[in-house]
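Notes for the structure review
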Amino acid sequence: MEVNTAQNQALYGIRVLDLTRVVAGPYGGSILGDFGADVIKIEVPGRGDDARGYGPYRNGESVYYANLNHNKRGITLNLKSEEGKEIFKKLVAKADVVIENYRPGVMDKLGLGYDVLKEINPGLIYGAVSGFGSYGPYSQRPGYDIISQAMGGLMSVTGAEGGDPTRSGNAMGDMLGGMNLVMGVLLALVARQRTGKGQRVDVSLVDSVVASLENAYIRYFESGQLPVRMGNAYASIAPYDSYQAKDGKVIIACGNQKLYEKLCREVLDMEWMITDERFLTVPLRVKNNKEQKKYIEEWTTKHTVAEVVDIILGKGIPAGPINNVKQIVEDEHIRDAREMFVDVDHPVIGKMTVNGNPIKLMDMMPRVNRPGPTLGQHNEEIYKNVLGIDDDTYNELIGKQVI
């Protein structure tokens, strides 16, 4: 298997110490690894990342963990031991970035907070992602994805009309937090090129969710009215919704007046809707969306989803099916052309498929060069080759359960 040392990758030469666990931080670390950073995953000896306990499993190994931690080398290190702290400091001296997702203050209590580490390495970028960030009244609260979706407002606007607040079907808060962590680290690396100094990056899952709600807050500021759950409809545009076809639901998205008029005139054969007072403007169509949806479904229910998509796309109007996971992983555009699913060979799991990277640098494409590491897989490689620890000391550290 090719190792992650390709000199033409964007982050070649950047070394990252990854102390993160579960989803947000590990996802961010893998994004950095996909672009050539040497990401060293540091885990608790004997136990490792909490996600190693999450299914599904194959051959006793967590596929969940392996998917989120590809493109990393893995070591174990006990940061509570004095020897472990000293080893970590030696690694920091040779690193560019540290990322962690402990509750704010934990690293300081260990004596390994940013203020200590920057004295060892003034150019260090220290990226931290937590539920509520490192400052503010809620900073010491524990946070998981579902908490961020609840307290960041996403659940309040997600779900069927009149239904209960609903968690997004994925770990949206964690994924947004991981991506924002990456953006923060990259911004800090660019700033370091100018100043020569590192800095601390502070990312909150709740902040990430709040920022993702885009116009929900603007609508509230302008109207004073709380956004409500609208199912698949959109509070700013219509027609922009799911519509019933013969064999399922289909999405139609008219983002401007020209597309709307083309839909009415060239697809629905309902040109009268263009001048109907209920549907004259975007705000009126949003207000009267339910009424207009009935007219649109008079046409869509006569066709299959595939037929609706083909006909509407043929007129240059955005439309698409609501794909399930099976359809997505078999889609030639997503799977093959965009490489959003990548096969790797794991030393325990065997051949497995991991998620690809949505960021495409056209001259420096992301690559999955390493599967997720087994617990402590690269201990000898890192401790002996990177830190120069001799055999006797290495064996002694194992005996003391430092590594």
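Residues numbered from 1 in each chain as written. Predicted model: local features only at pLDDT ≥ 70, side-chain atom pairs only at ≥ 80, totals over all residues. Heavy atoms only, no water.

**Details of the pairing of strand β12 (residues 341–346)**
Consecutive residues of a regular strand have side chains that alternate between opposite faces of the sheet. Across six bridges, the pairing between β12 and strand β13 (residues 350–355) is antiparallel. By the bridge assignment for β13, Asp345 is matched with Lys351. Joining the antiparallel neighbours β12 and β13 is a turn of three residues. (Pairing = 2+ DSSP bridges. Helix = DSSP H or I, 4+ residues; strand = E, 2+ residues; numbered from the N terminus.)

**As for the pairing of strand β6 (residues 97–100)**
Of the two faces of β6, both are covered, the one formed by Val97 and Ile99 as well as the one formed by Val98 and Glu100. Sheet topology note: the strand β1 (residues 15–18)/β6 ladder contains three bridges and is parallel. Counted as the bridge partner of Leu17 is Val98 from β6. Where β6 and strand β7 (residues 125–130) come together, four bridges link them in parallel fashion. The partner of Val98 across the bridge, within β7, is Tyr126. (Buried < 20%, exposed > 50% of the residue type's maximum accessible area, 1.4 Å probe, protein only.)

**Observations regarding the sheet that holds β6**
Taken together, the six strands give an open sheet; going across it, the order is β5-β2-β1-β6-β7-β8, and neighbouring strands pair in parallel fashion. Unpaired on one side and paired on the other, β5 (72–76) and β8 (200–204) mark the two borders of the sheet. Taken pair by pair, the neighbouring strands of this sheet meet at an average axis angle of 20°, ignoring direction. Bridge count between β7 and β8: five bridges; the pairing is parallel. Its bridge partner lying in β8, Tyr126 is registered against Arg200. Across the sheet, helix α3 (residues 82–93) is in contact with β1, β2 (38–43), β5 and β6; its angle to β1 comes to roughly 150°. Here helix α7 (residues 172–195) sits on the sheet in contact with β6, β7 and β8, set at roughly 160° to β7. (Axes fitted to C-alpha atoms, helices over the stretch in contact; angles between N-to-C directions. Contact = heavy atoms within 4.5 Å.)

**As for the pattern of salt bridges**
Under the definition given, this model contains 22 salt bridges. Here Lys118 makes a salt bridge to Asp115, at a shortest N to O gap of 3.8 Å. Highlighted residues: Lys118 and Asp115, both in helix α5 (residues 114–120), separated by three residues, approximately one helical turn. Given the relative accessible area of 52%, Asp115 is considered exposed. Of the charged contacts, one joins Asp391 and Lys384 as a salt bridge, the two residues approaching to 2.7 Å between their closest N and O atoms. For Asp391, a relative accessible area of 47% puts it in the partly exposed group. (Salt bridge = Lys/Arg side-chain N within 4 Å of Asp/Glu carboxyl O.)

**With respect to helix α8 (residues 205–212)**
Along α8, the positions that sit buried rather than exposed are Leu205, Val206, Ser208 and Val209. Seen end-on, α8 carries its buried residues on one side only, within an arc spanning 160°. Exposed side of α8, more than 90 degrees from the buried face: Asp207 and Ala211 are the residues found there. Packed against the buried residues of α8 are α1 (24–34), β7, α6 (145–151), α7 and β8. The residue sitting at the N-terminus of α8 and contributing the capping side-chain oxygen is Ser204; that oxygen lies 3.2 Å from the backbone nitrogen of Val206. With its phi angle positive at about 30°, Glu214 sits one or two positions after the end of α8. (Arc of directions from axis to C-beta. Polar contact = N/O pair within 3.5 Å; in protein donor to acceptor, adjacent residues only side chain to side chain.)

**Considerations on the confidence of the model for the protein chain**
Residue-level pLDDT values for the protein chain average 96, and 99% of them are 70 or greater. Here residues 1–5 scores under 50 on pLDDT; set against residues more than four positions off or in separate chains, the count is 16 contacts. (pLDDT = per-residue confidence, 0-100.)

**Some details on unusual backbone geometry**
Phi is mostly negative for residues that are not glycine, and the peptide bonds are mostly trans. Look at the link from Gly55 to Pro56: it is a cis peptide, with omega at 5°. Mapped onto the secondary structure, Pro56 falls in the loop between β2 and β3 (57–58). Non-glycine residue Glu214 carries a positive phi angle of around 30°. Looking at the element boundaries, Glu214 is found in the loop between α8 and α9 (215–223). Residue classification places Glu214 among the partly exposed residues on the basis of a relative accessible area of 46%. Notably, Asp269 is not glycine yet its phi reads approximately 55°, a positive angle.

**What to know about the environment of Glu83**
Summarising the element assignment, Glu83 is placed in helix α3. We classify Glu83 as partly exposed; its relative accessible area is 33%. With 314 residues separating them along the chain, Glu83 and Leu397 place their C-alpha atoms 8.3 Å apart. In contact with Glu83, not counting residues within four places along its chain, are Leu397, Lys400 and Val402. Reaching out from Glu83, the side chain makes a polar contact with the side chain of Lys400 at a distance of 3.0 Å.

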